[in-house]
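Coordinate inspection notes
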Amino acid sequence: MKKVGSDIRKISKIRYQEKVPEYWGPTPDEARKIMVKKSKALKDKRTSLKEAVQKHVKDGINLGIGGFVNTRVPFAAVREVVRHGARNLTLSFQSNSICVELLAGAMILDPDRVSIKRAEFAWWGYEIIGIAPLLRYLTTNGLIEVDDYTNYGMSVRFKAAAMGIPFIPVRDHGGSDMELVNKGQMVQCPYTGRNTYLLPACHPDVGLVHVSAADQNGNSRIFGALCTCPEIAMASTYTIVTAERIIPEENIRNFPNMTEVPHPAVDSLVERSYGAYPGACYGFHWFDMEHIKMFRAAGEDFRMTGDKTMLKKYYDEYVFGCEEYDDFLEKVSYKTLSKVNKLDGGQPIILT
């Protein structure tokens, strides 16, 4: 295929340096080699969150983060990554808020424990309450490299990886400034002769996904918006799944068409109710806007003043001051959890 360009290069006023067409994680061949070797047998994959993170999360990996902004985000898993420590990370996700900001804040407080080298995504920010202050700080000061895509573009990058193909053609990106700021390539379609934009597959080394329910083998159900989580789970060479409920295997077999993440894509499974809190989990609880505002305010205070006091207080109290996730939930309080449960409104889910 012949590489071409659109007229955006003639009219865009932004300064850009074309990105090298490379993978910021395992290449498709590297990922396939790992996935082919893994056992596809049905087996009990239940473990603790601490054990799962210690086993899979290492320095220098590409960490895939599921969910969408405040919806079914893997907060419990990311919190454990911060406690465990991981440096020189690449973050890959579609759209997220408090999970990626939590990693950014950890980097600001102690870069020897957690550090982010670069991030590829569509949206890093909050719903309703505004943009992400810690992302602004990291990018303004040149502390991380960013690869920017549309929401659809980032989703189909994971889709391509889940399909086992090295790239995927899309109709968006081309003809806009997006064409100038990511690793996609404009080529001439061999069938139509028209310009077609190609996006590289995205294979995280480790994916973090929170689901509604799963059996002990890892077969997972997701209710509400899927949020690209099935694609991230199947694109990652290793995947840690946290689930609101572990349900019997026969329940999964009752409705096999409800399985969104198949067991071969899951390497470690953790039963973790409220694993998305303070984000929402359809059918279980709504998101806790007050908690999210509190954390964002600490980040904004640091960005504006350079004073880490509020930020450190949050981590001391809610991350390092709580050995187990249940300790974190206890600090949040039963009253708060009951409130977000009611705000969900009893959305219908099937666990039988």
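Scroll up a little and you will see the structure.
First things first, this report covers the structure right here in the doc. (Residues numbered from 1 in each chain as written. Predicted model: local features only at pLDDT ≥ 70, side-chain atom pairs only at ≥ 80, totals over all residues. Heavy atoms only, no water.)

With that out of the way, let us pick up the side chain of Asn62. Within the secondary structure, Asn62 sits in strand S1 (residues 62-69). According to the relative accessible area criterion, Asn62 is buried, its value standing at 2%. Discounting residues that sit within four places of it in the chain, Asn62 has contacts with Trp24, Gly25, Thr90, Ser92, Glu120, His203, Pro204, Asp205 and Val206. (Helix = DSSP H or I, 4+ residues; strand = E, 2+ residues; numbered from the N terminus. Buried < 20%, exposed > 50% of the residue type's maximum accessible area, 1.4 Å probe, protein only. Contact = heavy atoms within 4.5 Å.)

As a further point, take the layout of surface pockets. Taken as a whole, the largest pocket encloses approximately 310 Å³ of empty space. The wall of the largest pocket is formed by 19 residues, among which Ala31, Met35, Ala161, Ala162 and Met234 lie closest to the centre. Secondary-structure elements contributing two or more residues to the lining of the largest pocket are helix H2 (28-37), helix H7 (151-163) and helix H8 (229-235). By residue number, the principal contributor to the lining of the largest pocket is H2, which donates six residues. Here the lining of the largest pocket is built from residues that sort into 11 nonpolar, four polar and four charged. In this model, the second largest pocket occupies a volume close to 260 Å³. In this structure, the second largest pocket is lined by 13 residues; those nearest its centre are Val170, Arg171, Arg194, Asn195 and Thr196. Where the lining of the second largest pocket is concerned, the elements lending two or more residues are strand S6 (167-170) and strand S8 (195-200). Among the elements that line the lining of the second largest pocket, the one with the most residues is S8, at three residues. (1 Å grid on protein atoms, 1.4 Å probe; cavity = no way out; pocket = protein on both sides within 12 Å on 5 of 7 lines; lining within 4 Å. Points joined across faces, edges and corners; volume = space filled by probe spheres on them. Nonpolar A, V, L, I, M, F, W, Y, C, P; charged D, E, K, R; others polar.)

Under the defined criterion, the tally for this structure stands at 14 salt bridges. When the shortest N-O distance is used, the salt bridge between Arg46 and Asp44 registers 2.6 Å. Take Asp44: its relative accessible area is 41%, and that puts it in the partly exposed class. Close ionic contact of Asp316 with Lys312 constitutes a salt bridge, the shortest N to O distance being 2.7 Å. One end of the pair, Asp316, and the other, Lys312, are both in helix H11 (residues 309-319), four residues apart, so they sit about a helical turn from each other. By relative accessible area, Asp316 is classed as partly exposed at 37%. (Salt bridge = Lys/Arg side-chain N within 4 Å of Asp/Glu carboxyl O.)

Turning our eyes to something else, we now look at the packing of aromatic side chains. In total, this model carries 13 aromatic pairs according to the counting rule given. Look at Tyr318 and Phe328: their rings are 6.0 Å apart centre to centre, the planes differ by 80°, and that puts the pair in the edge-to-face class. Of this pair, Tyr318 sits in helix H11 while Phe328 sits in helix H12 (residues 325-332), placing them 10 residues apart in sequence. Taken individually, Tyr318 and Phe328 each receive the classification buried, so the pair is uniform in this respect. Within the aromatic cluster, the residues linked to one another by ring pairs are Phe75, Tyr277, Phe295, Tyr314, Tyr315, Tyr318, Tyr325 and Phe328. Here Arg157 stacks its cationic end above the ring of Tyr149, 4.7 Å away from the centre of that ring. It is Lys183 that lies over the ring of Trp24; its NZ or CZ is 3.9 Å from the centre. (Phe/Tyr/Trp six-rings, centres within 6.5 Å; stacked < 30°, edge-to-face > 60°. Lys NZ or Arg CZ within 6 Å of the ring centre and 35° of its normal.)

Moving on, we come to the pairing of strand S11 (residues 238-246). Of all the nine residues making up S11, seven are buried; the element is thus mostly covered by neighbouring parts of the structure. Of the strand pairs in this sheet, strand S9 (residues 206-214) and S11 are connected by eight bridges, and their pairing is parallel. Residue pairing for S11: Ala213 is matched across the bridge by Arg245. The pairing of S11 with strand S13 (residues 268-271) spans four bridges and is parallel. Note on S13: the bridge partner recorded for Ile240 is Ser268. (Pairing = 2+ DSSP bridges.)

What follows deals with helix H5 (residues 98-109). The end-to-end C-alpha distance of H5 is 16 Å, a good match for the 16 Å that 12 residues give at a rise of 1.5 Å each. Burial runs high along H5: 11 of the 12 residues are buried. Along H5, the residues classified as buried are Ile98, Cys99, Val100, Glu101, Leu102, Leu103, Ala104, Gly105, Ala106, Met107 and Ile108. (Expected span 1.5 Å × (residues − 1).)

Before going further, it helps to spend a moment on the packing of helix H3 (residues 49-56) against helix H4 (residues 75-84). Contact pair H3 / H4: the axes reach a minimum separation of 10 Å and the direction vectors enclose 60°. By the angle class used here, H3 and H4 are oblique. Crossing of H3 over H4 shows right-handed handedness. Listed contacts from H4 to Leu49, Lys50, Val53 and Gln54 of H3 are Ala76, Ala77, Glu80, Val81 and His84. Here the residues of the contact of H3 with H4 sort into five nonpolar, two polar and two charged. (Axes fitted to C-alpha atoms, helices over the stretch in contact; angles between N-to-C directions. Parallel < 35°, antiparallel > 145°, perpendicular 65-115°, else oblique. Left-handed = near helix turned anticlockwise from the far one by under 90°.)

Quick look at the environment of Lys313 now. With respect to the helices and strands, the residue Lys313 is situated in helix H11. What makes Lys313 exposed here is its relative accessible area of 57%. In this structure the C-alpha to C-alpha distance between Lys313 and Gly346, which are 33 residues apart in sequence, comes to 34 Å.

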